[in-house]
Amino acid sequence: MKNSISRFALFLAINLTFSLTGCSSTPSFQDQVKKDVSEIKRQIKATHPAFLAPNENKEFISWWETGDQLVEEKRPLVQTQHDATALLNFYILGYNEPHMTANRYIKCKFCLNIPVPFTQTDLLNINIGDAEKELSYAKWSGFFVDLVNNEFVVAHTSQNWPIDLPPIGSKLHSCNKQSVKDIYYKQILPYVDHRREAHMRQATAFFTFSYPSQYPILAQQLHTSCNFQLINGSLRNYALTWQGIEKHKKRKDNDWRNVGEKFNSGRKPKLGIEKKAGLTWVSVPSFSFKNSKVESYNRILSKVQKLEDNNKLVIDLRGNRGGSVFYMAQLIQSVYPSIDALSYSDTPEPEATLKVSKQLIEFYLQHLKLFEKAEQNSISPKLKFEKNTVLKLSKLLQNHEKLDEPLTITKQKIPELFNFKYKNNTRQKDFRGQVILVTADDCFSACLTFIDLLSKKENVIHAGKITDADTKHLNNITIRTSNNKFRSLKFVLPIMHFTNRAREDNAPIIPDYQYSGFIWDTDKVKNWILKTVLNN
């Protein structure tokens, strides 16, 4: 027995030494991003529904044909994990398909490959990474510019900067002898979601702001000097110095507030319901909930169901990036039980199509196995709803005769995709009081569907910022770029094309009342609703 233990210890020691010394030969980020883009391209062709209607998706397919070639041209610029993430984002953003995303590359601080003895399994990989998410990595050069009439105008300057800054109203012309438009359109914008004008305005922050773990820009330059045209028409060069932004957050000073406004970001409201100046204010910052939050959500739904028609109901969707249709439908029917169709259109026979592939079949079979392994008594109503969908879809996929051919799904085949009935709902009749939906510009996916469905009601007002946008390709699956989960990226891919959805691809929803101020200041938004929205 002792000899066996000694042999195992020697075996492990030898292999650990080999593994540790072999860490430096792991693939570089340049190599990794090439492999991942190649695999993502393959998965898109196999499963994405755009290929079912090539005439309607010419730009998508054109990018699929050429986008990886542009990645290859830029690949020598990749030096860090952030550069690799930026280049991967560049490739995915080129599809203009916002439901397609991938997680970030992480720099390995300590990589260890441990062989599993006496088995035929692969090495056990331990990767202690450096995500660099802390704000201490963010740097700023003391001012921001805005894009105004195709010019880059200084809009905010710090009051506490150690060197002179360009005055507000001056126009940025060049930095480090590079044209400002070349920098913006060639070095910044390709790595930022630019489907909407709001995103393009935010992109101007990256002239003077760097936070690579959250906003990766390929080979982002921290410029040392820039030329400006002053208000009197004269030109002047200003040296730039970069400082950490974290101290501004700690002080909560004016600079920190302006960073928030520049990115139009703020603290999400917490899930809850309360009275605010005669308004019943329901905050739902997501339609995805951890188990610990489900009970709180159910209590909110119960209170909403009991509201009488003389109430004014505000549904605050700021920060809501979507989530589960199950939770979305529960809130809808707690206000309007008559809305039980989740078909995204007014057509009597809604449908969705899928491009059947081996990957898709395997994904749903694996998904089904996870449901079967779970304790059936502990499965939540949401999971039961999802299990029914997965079970029916798995059978349809397996029985489909030809790969790469479309599979059409109707509400007769999978009713859960198009209809929903909230069984524990105590509300029998539609709420007849005033309903105000409040959005920031991040409302996306199920949040957009929520507005689509409720905006048909006469007593519903949409107020706030113009929303984000999505496409008719919905219902995502998550796949990996390789079988080695320690060295692969997770990639999210939409698989269903809802052919008769009324809203066009990448078309945002414009509120009835647009708020011009900082949307995350709840008190000001509330006062605006009381004085402006409800008084017109």
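If you're wondering where the values come from, they're calculated on a predicted model, not measured in any experiment.

Rules used in this analysis
- Residue positions are counted from 1 within each chain, in the order its sequence is given.
- Predicted model: local features are reported for residues with pLDDT of at least 70 only, side-chain atom pairs are reported and counted for 80 or more only, and whole-chain, interface and lining totals are derived from all residues.
- Hydrogen atoms and water are omitted, and side-chain values are computed over all heavy atoms in the structure.
- Put simply, DSSP H or I for four residues or longer makes a helix, DSSP E for two residues or longer makes a strand, and each gets a number counted from the N terminus.
- Whether two residues are in contact is decided by their heavy atoms, any of which lying within 4.5 Å being enough.
- Accessible areas in this description were obtained via Shrake-Rupley with a 1.4 Å probe; residue shielding takes into account the shown protein chains only.
- Fitting a line to C-alpha atoms yields each axis, with helices limited to the stretch in contact; the angle taken between N-to-C directions then spans 0 to 180 degrees.
- Oblique is the label for any angle not under 35 degrees, not over 145, and not in the 65 to 115 range, which are roughly parallel, roughly antiparallel and roughly perpendicular in turn.
- The handedness criterion is simple: a crossing whose near helix is rotated anticlockwise from the far helix by less than a right angle is left-handed, and one whose near helix is rotated clockwise is right-handed.
- Each residue gets one of three labels, nonpolar for Ala, Val, Leu, Ile, Met, Phe, Trp, Tyr, Cys and Pro, charged for Asp, Glu, Lys and Arg, and polar for the others, Gly among them.
- Note on pairing: DSSP must find at least two bridges between two strands before they are called paired.
- For each residue, the accessible area found with a 1.4 Å probe, counting protein chains only, is set against the maximum for its type, and the residue is called buried under 20%, exposed over 50%, and partly exposed in between.
- A clockwise path from the first strand over the helix to the second, with the strands pointing away from the viewer, defines a right-handed crossover.
- The span you would expect from a helix comes to 1.5 Å times its residue count less one.
- pLDDT is defined as a per-residue confidence score from the predictor, taking values between 0 and 100.

Caption draft 1: Structural view of the overall build of the chain. Each helix and strand counted, the chain has 14 helices and 22 strands in total. Excluding contacts between residues fewer than 6 apart, the proportion of contacts in the chain whose partners are at least 24 apart in sequence is 72%. Working note: accessible area of the chain is about 27200 Å², and carbon and sulfur atoms make up 50% of it.

Caption draft 2: The packing of helix α3 (residues 58-74) against helix α4 (residues 81-93), seen in detail. For the pair α3 and α4, interaxial distance at closest approach is 9 Å and the crossing angle is 160°. Relative to α4, α3 is oriented roughly antiparallel. For α3 against α4, the interelement crossing comes out right-handed. Mapping the contact onto sequence places Trp-63, Gly-67, Asp-68, Leu-70, Val-71 and Lys-74 in α3 and Leu-87, Phe-90 and Tyr-91 in α4. Along the lines of polarity and charge, the residues of the contact of α3 with α4 split into six nonpolar, one polar and two charged.

Caption draft 3: How the structure looks around the sheet that holds strand β18 (residues 434-439). Spatially, six strands are ordered β13-β14-β15-β18-β19-β22 in an open sheet, and the strand pairing comes out mixed. The open sheet has two edge strands with one neighbour each: β13 (272-276) and β22 (513-514). The sheet strands contacting helix α14 (residues 522-533) are β13, β14 (279-283), β18, β19 (460-464) and β22, and the helix crosses β14 at an angle near 135°.

Caption draft 4: View of the packing of helix α2 (residues 29-47) against α4. Their axes nearest at 10 Å, the elements α2 and α4 cross at an angle of 25°. By the angle between their directions, the pair α2 and α4 is classed as roughly parallel. Along this stretch, α2 crosses α4, giving a crossing that reads as right-handed. Only Gln-81, Ala-84, Leu-87, Leu-88 and Tyr-91 of α4 make contact with α2, whose side of the interface consists of Phe-29, Val-33, Val-37, Ile-40 and Lys-41. Among the residues making up the contact of α2 with α4, the classes are represented as eight nonpolar, one polar and one charged.

Caption draft 5: Structural view of the pairing of β19. The buried fraction of β19 is high, at five of five residues. The two faces of β19 match: Val-460, His-462 and Gly-464 on one face and Ile-461 and Ala-463 on the other face are all buried. Summarising the sheet, β18 and β19 pair through five bridges and their orientation is parallel. Within the sheet, the bridge partner assigned to Ile-436 lies in β19 and is Ile-461. Assessed by its sense of winding, the connection that carries the chain from β18 through helix α13 (residues 446-454) to β19 is right-handed. Bridge analysis of β19 against β22 gives two bridges, and the strand direction is parallel. Along β22, the bridge assignment pairs Gly-464 with Gln-514.

Caption draft 6: Structural view of helix α12 (residues 381-399). When the terminal C-alpha atoms of α12 are compared, their 28 Å separation across 19 residues agrees well with the 27 Å that a helix rising 1.5 Å per residue should span. Where α12 is buried, its residues meet α10 (325-335), β16 (351-355), α11 (358-373), β17 (406-410) and β21 (490-498).

Caption draft 7: Looking closely at the environment of Ser-516. Examined against the element boundaries, Ser-516 turns out to sit in the loop between β22 and α14. A relative accessible area of 75% places Ser-516 in the exposed class. Expressed as a C-alpha distance, the spacing of Ser-516 and Gly-464, which sit 52 residues apart in the sequence, is 8.2 Å.

Caption draft 8: How the structure looks around the confidence of the model for the chain. Of all residues in the chain, 85% have pLDDT values of 70 or greater, and the mean over the chain is 85. Between residues 4-26, whose pLDDT stays under 50, and residues either more than four places distant or in other chains, the model counts 16 contacts. When the criterion is pLDDT under 50, residues 116-128 qualifies, and its contacts beyond four places in sequence or with other chains add up to 30 contacts.

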